[in-house]
Amino acid sequence: MFSKVSINHRPRVAFGLAAGLMLMAGCTQAEDSPIPQAVKALEAQGLTIVQEFDVSGDLRGFASIANGQPIAVYLTREGETIVGTRLDANGEPIDTATLQELAMGPMDDRTWAELESATWVVDGEVDAPRVVYTFSDANCPFCNRFWEASRPWVDSGQVQLRHLLVGVIKEDSPAKAAAILEAPDPSAALAENERQFAQGGITPADNVSADVQKILADNQALMRTNGFRGTPGIVVKESDGSIRKFHGMPQGEQLTEALGPR
């Protein structure tokens, strides 16, 4: 059973994974388009349409992503689109597993590839079995706590941290990032900043080059794309290939969940 709520045609709309759904009038489908125009039109409002999947009855289903979460789009026989969660007779969500497989799998692969191709500073053995990405600011006390807490995993060769530096906390954060990124040994410079954090950390660079400014801007954009609004923002890949994110310093058992068994 669907409830219907009208959609205002704004540049972007936040979509929630809730039983309350949204309905909009359909558009004419272009005959040569694999995705109906009524569905394609939703991309202007913040959805990414991934692929069609089979559903029962007169509906057509399309796996999509909104705000980093999987969500279904259903096209009715009348050409209207319904966005949200389909429930069975018992009120249980339908298509959840399908959406996870079709939408989140490709998204996770793309996220990991973007992280791999970004500019980061290595912290740990090159051949460590577990790679953990972390968005870090040289002035972030919680980043420093995560660095300290991760030493047993990193020092034992079990984990390699990859620090994507951003400059957002203090005025000299970009200059400290520049001192690390442009050092002869960025890994050693990062370690120096973390070891001396209580004393003020690494000495900021005299200036921030255009290259470093671009790295910081790109990393900050990637941080926001991944849903992080502060540092550290931690991304790991689970054994099944799925991506897991930790917002802030992992607490308690979360530290083992992020870094793996010791």
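Let me sum up the structure you'll find in this document. Everything numeric in this text was worked out from a predicted model, so none of it was measured.

**Things to note about the overall build of the protein chain**
If you tally the helices and strands in the protein chain, you get eight helices and 12 strands. Relative to its full complement of 262 residues, the protein chain shows a buried share of 47%. As displayed, the protein chain has an accessible area near 13600 Å², and 48% of this comes from carbon and sulfur atoms.

**Section: the pairing of strand E10 (residues 159-166)**
In terms of burial, E10 is a largely internal element, eight of the eight residues being buried. With three bridges connecting them, strand E8 (residues 121-123) and E10 associate as antiparallel partners. Bridged to valine 122 within E10 is arginine 162. As judged from the eight bridges shared by strand E9 (residues 130-137) and E10, these two strands associate in the parallel manner. By the bridge assignment, tyrosine 133 is partnered in E10 with arginine 162.

**A few points about the nonpolar core**
Counting 17 residues, the largest nonpolar core has Val121, Leu165, Ile180, Leu181, Leu190 and Leu216 as the members making the most contacts within it. Looking at this core, the elements with two or more residues in it are helix H5 (173-181), helix H6 (186-195) and helix H7 (210-225). It is H5 that provides the largest number of residues to this core, a total of five residues. Once you skip the residues sitting within four places of it in the chain, leucine 165 turns out to touch Val121, Ser136, Ala177, Ile180, Leu181, Leu190, Leu216 and Asn219.

What counts, and where the lines are drawn
- Residues numbered from 1 in each chain as written.
- Predicted model: local features only at pLDDT ≥ 70, side-chain atom pairs only at ≥ 80, totals over all residues.
- Heavy atoms only, no water.
- Helix = DSSP H or I, 4+ residues; strand = E, 2+ residues; numbered from the N terminus.
- Buried < 20%, exposed > 50% of the residue type's maximum accessible area, 1.4 Å probe, protein only.
- Areas by Shrake-Rupley, 256 points an atom, 1.4 Å probe, with all protein chains shown as cover.
- Pairing = 2+ DSSP bridges.
- Core = buried A, V, L, I, M, F, W, Y, C linked by side-chain atoms within 4.5 Å.
- Contact = heavy atoms within 4.5 Å.

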